[in-house]
Amino acid sequence: MRNNDLHRVDYVTIITDDGSSTLRDPATGETFHSGFGAVTESKLVFIQNGLNYMIQNQSTARINLLEIGFGTGLNALLTLVEACRRSIQIEYTSIDAFPLSPENAAKLNFTQLAEFETFKNDFITFHNEAGMEQTFGNGLFKLKRIQTDLLEFEPAKSYFDLIYFDAFSPNVQPELWSLQVFTRLFMVLKPGGVLVTYSSKGVVKNALRESGFIVERLPGPPGKRHVLRALKPKN
Ligand SMILES: C[S@@+](CC[C@H](N)C(=O)[O-])C[C@H]1O[C@@H](n2cnc3c(N)ncnc32)[C@H](O)[C@@H]1O
């Protein structure tokens, strides 16, 4: 999995059950999203459980958000849409060790869906060189895309309000769902900060708890019983 040529992989496009697309790595069989609905899953796990929860429960003028795994850019797109809809400032830092090539990104149909079609040019820019550091949505959404390995990433402590933890599954990359990684992510969150993720496996819950998080199990999207939200206590 940790191979600098991976982003040159010719990913296979899949249309998921809600009509949105995702990609599958032909070598590992791993998909970037649930086959039961890519947009449906991302909206529930990251937007509803993470971003909307944060907006409702914290009074912060700007949300500093960290995403683990930029991938197709779907979470970034959904977050940009919310920033515009609610007129909120978001600084969106996203890391990926193996960014998608623009050719692979062009296989995705998100901006052919009616609700996202006005974001077509933004989505193309997300995956270009220019999208490494660029502002979208009339200045509301600032994207910083960083190519790095999560295991080597050392961001500033107590900086982020919210983390979207969207690595490939713990079955495929167990080293990314470890106590060591979650302890580091706990440190980079502000007190009261939140981490959301799609996996509710026992090992993930335990590693989050051991890192200091208070872990909540929430209803999952189609095809998944539960997902997680982990809170860093305020004091
Ligand atoms: C499930 S996908 C992310 C989906 C993405 N959030 C989206 O909205 O499409 C996981 C991503 O993690 C990246 N990745 C794999 N190993 C990594 C590592 N060691 N450090 C950082 N990113 C990694 C992959 O390249 C892939 O893009």
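Our subject is the structure that appears above.
From a predicted model like this one, the values you see are computed outputs, not experimental measurements.

**Side note on unusual backbone geometry**
Move 1: Backbone geometry at Ser 87 places phi at a positive 55°, although glycine is not the residue there.
Move 2: With respect to the helices, strands and loops of the structure, Ser 87 is situated in the loop between helix H2 (74-86) and strand E4 (89-96).

**Here's the deal with the site of the ligand**
Move 1: Every one of the 20 residues lining the ligand counts as a neighbour, but Gly 69, Gly 71, Thr 72, Ala 97 and Leu 150 are closest to it.
Move 2: Put simply, the parts of the chain that give the shell around the ligand at least two residues each are H2 and E4.
Move 3: A class-by-class count of the residues in the shell around the ligand yields 11 nonpolar, 5 polar and 4 charged.

**What to know about the sheet that holds strand E9 (residues 214-219)**
Move 1: Overall, mixed pairing links the 8 strands, which are arranged E5-E6-E4-E3-E7-E8-E10-E9 in an open sheet. With partners counted over all chains shown, the strands left at the sheet margins are strand E5 (133-136) and E9, one partner each. Mean inter-strand twist for the sheet, computed between neighbouring axes without regard to direction, equals 20°.
Move 2: Along the sheet, H2 makes contact with strand E3 (62-68), E4, E5, strand E6 (141-147) and strand E7 (160-165), crossing E4 at roughly 175°.

**Regarding helix H5 (residues 179-188)**
Structural remark: α-helix, 3.6 residues per turn; residues separated by three or four positions point the same way.
Move 1: The complete set of buried residues in H5 reads Phe 182, Leu 185 and Val 188. Seen from one end, H5 has its buried residues packed into an arc of 115°, which puts them on one side.
Move 2: Against E3, E7, strand E8 (189-197) and helix H6 (202-211) lie the buried residues of H5.

Criteria and cut-off values
- Residues numbered from 1 in each chain as written.
- Predicted model: local features only at pLDDT ≥ 70, side-chain atom pairs only at ≥ 80, totals over all residues.
- Helix = DSSP H or I, 4+ residues; strand = E, 2+ residues; numbered from the N terminus.
- Near = placed C-beta within 6 Å.
- Nonpolar A, V, L, I, M, F, W, Y, C, P; charged D, E, K, R; others polar.
- Pairing = 2+ DSSP bridges.
- Axes fitted to C-alpha atoms, helices over the stretch in contact; angles between N-to-C directions.
- Contact = placed C-beta atoms within 7 Å.
- Buried ≥ 20, exposed ≤ 12 C-beta atoms within 10 Å, placed from the backbone.
- Arc of directions from axis to C-beta.

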